[in-house]
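Here is how the chains run, residue by residue.
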Amino acid sequence: MAEIVIRNLRKEFGSFTAVKGSSFTIGDGEFFMLLGPSGCGKTTTLRMIAGLELPTSGEILIDGEDVSQRPASQRDIAMVFQMFALYPHMNVRKNISYPLVSQGVPKAQVAAKVAEVARILGIENILDKPVGGLSGGDRQRVALGRAIVRNPKAFMMDEPLGALDAEFREHMAEELRALHDRMGATTVYVTHDQLEAMQMGDKIVVMNHGVVEQFGTPQEIYDHPATMFVADFIGSPAMNFLRFEGGFRPGETAVTLGGVRIATPELHEEAAGRQLVLGVRPEHVALSDAGAYRGRVEAAEYLGTTQIVTLSTAHGSVKARIPSGHVARVGETVGLDFDARTLSVFDAGTGRAFRTAANAGVNHG
């Protein structure tokens with residue numbers, strides 16, 4: 001397997017720039033997620049790593065070798081696509097064995113390798129069946145088998161579970177992550193589904209309009225978003241944004257909203273007379289009679305063990321995830337308490353998070 005290093009990667013299609021100077025490192029054996037909305041540049045980035053697109057500028061290093069201008073055939077990378085891309089006129093065995101047969105591998109070695117892959121994927125019983133009659137899950141396993149049969153340096157996966165229904169997609173995500181762990185593979189995986197990225201990934205790059213907004217572990221990205229885009233894109237419900245005008249100096253541990261001091265992690269930057277945004281996750285909002293910051297209950301959504309309560313405040317709408325046993329009556333005004341350790345403060349103009357004691361190690365794009 002291999003470490004993959006991306007340095008200042010850029011891709012232009014005429015006057016349109018799809019990827020704008022991306023830099024990050026994919027560790028050897030990592031399950032690495034490229035996450036973002038449609039059109040953000042994640043698939044273009046994957047295709048450049050795989051050699052299906054050549055970068056306009058920048059470097060791609062695989063195992064320490066610069067492969068930026070090499071074609072896909074010279075990179076020892078296997079691809080798995082959303083639509084499987086299987087050969088319909090071949091059965092399962094021939095689909096899986098095709099990469100080895102095309103390389104002239106001896107028949108006995110091909111047979112042994114196909115049997116090993118089929119055992120790993122649990123598809124020994126369908127090896128001689130035509131692929132056309134298989135379920136979506138089995139066809140995806142065959143596509144995975146064809147990718148792993150030749151032990152490439154890395155796997156590139158472009159939304160491989162996107163064509164499956166929601167329930168089976170979750171099951172296949174668990175299987176795919178377990179397969180990755182058994183093989184110790186380096187895997188780069190494109191998705192627009194934040195839950196899939198959080199569930200499967202060791203590291204995540206979040207992209208938007210061709211720019212890397214943030215990269216890090218799922219917990220780092222969830223707990224300490226580097227930008228308002230990341231805070232809004234990751235999490236369900238998304239992070240609450242309370243907009244206000246104010247300022248602070250390095251070393252301060254609070255901001256002021258409507259005359260109420262809200263405790264925050266220690267701030268490491270200075271802002272004066274700026275349009276600011278206080279960010280708080282719904283699960284870090286508590287309702288109380290004593291809270292000095294007030295909100296009016298607009299709705300409550302029962303979710304079993306928890307409920308999502310929507311409140312209106314002087315600085316914006318707030319959603320709170322609270323125990324279902326807590327009674328929140330529509331129309332009443334209640335106090336809001338925020339977990340100071342978890343708050344983020346953003347510049348409303350740039351969307352960038354200010355540095356605090358809590359997010360000092362965050363990797364921005």
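As shown above, the structure is provided for reference.
Here the structure is a predicted model, which means the values were calculated and not measured. (Residues numbered from 1 in each chain as written. Predicted model: local features only at pLDDT ≥ 70, side-chain atom pairs only at ≥ 80, totals over all residues. Heavy atoms only, no water.)

J.: Teacher, can you tell me more about the layout of surface pockets here?
T.: Taking a probe equal in size to a water molecule and rolling it over the atoms shows the remaining empty space. By volume, the largest pocket amounts to about 430 Å³. In this structure, the largest pocket is lined by 18 residues; those nearest its centre are I77, A78, M79, P99 and R150. Counting residues per element, the ones that place at least two in the lining of the largest pocket are β6 (77-81), α2 (92-102) and α4 (136-148). A total of 4 residues in the lining of the largest pocket trace back to one element, the largest contributor, which is β6. Split into classes, the residues belonging to the lining of the largest pocket amount to 12 nonpolar, 3 polar and 3 charged. (1 Å grid on protein atoms, 1.4 Å probe; cavity = no way out; pocket = protein on both sides within 12 Å on 5 of 7 lines; lining within 4 Å. Points joined across faces, edges and corners; volume = space filled by probe spheres on them. Helix = DSSP H or I, 4+ residues; strand = E, 2+ residues; numbered from the N terminus. Nonpolar A, V, L, I, M, F, W, Y, C, P; charged D, E, K, R; others polar.)

J.: Just to check I follow, could you spell out empty space enclosed by the protein for this structure?
T.: Applying the stated criterion across every chain yields a total of 1 cavity of 30 Å³ or more. Counted as a void, the largest cavity has a volume near 60 Å³. Among the elements of the structure, β7 (154-158) and α5 (166-183) are those that each provide at least two residues to the lining of the largest cavity. Per-element tally for the lining of the largest cavity: the top contributor is α5, with 4 residues. Classifying every residue of the lining of the largest cavity gives 8 nonpolar, 2 polar and no charged.

J.: Can you help me understand helix α1 (residues 42-50) in this one?
T.: Spacing of three or four residues puts side chains on the same side of an α-helix, whose turn is 3.6 residues. Among the 9 residues that make up α1, 7 are buried, leaving the element largely enclosed by the rest of the structure. The complete set of buried residues in α1 reads K42, T44, T45, L46, M48, I49 and A50. Positive phi appears at G51, one or two residues downstream of α1, with a value of about 95°. (Buried < 20%, exposed > 50% of the residue type's maximum accessible area, 1.4 Å probe, protein only.)

J.: Help me out: how do you make sense of the nonpolar core in this one?
T.: As a rule of thumb, soluble globular proteins bury nonpolar side chains together. Among the nonpolar cores identified, the biggest contains 44 residues, and V92, I96, I123 and Y189 are the most heavily contacted of them. Discounting chain neighbours no more than four positions away, the residues touching I96 are V114, V117, I123, L127, V142, G145, R146 and V149. Of all hydrophobic cores here, the second largest spans 28 residues; its members include L242, F248, L311 and A320. (Core = buried A, V, L, I, M, F, W, Y, C linked by side-chain atoms within 4.5 Å. Contact = heavy atoms within 4.5 Å.)

J.: What is the right way to look at the sheet that holds strand β15 (residues 285-288) in this model?
T.: Two strands in a sheet stick together by hydrogen bonds in their backbones, pointing the same way (parallel) or opposite ways (antiparallel). Read from one edge to the other, the open sheet built from 5 strands follows the order β15-β19-β16-β17-β18, with strand pairing classed as antiparallel. Strands with a single pairing partner mark the edges of an open sheet, and in this sheet they are β15 and β18 (316-323). Taking each pair of neighbouring strands and ignoring which way they run, the sheet shows an average axis angle of 45°. Pairing between β15 and strand β19 (residues 333-338): 4 bridges, direction antiparallel. For L287, the partnering residue across the bridge sits in β19 and is L336. (Pairing = 2+ DSSP bridges. Axes fitted to C-alpha atoms, helices over the stretch in contact; angles between N-to-C directions.)

Interpretation in functional terms is not warranted from these geometric data alone.
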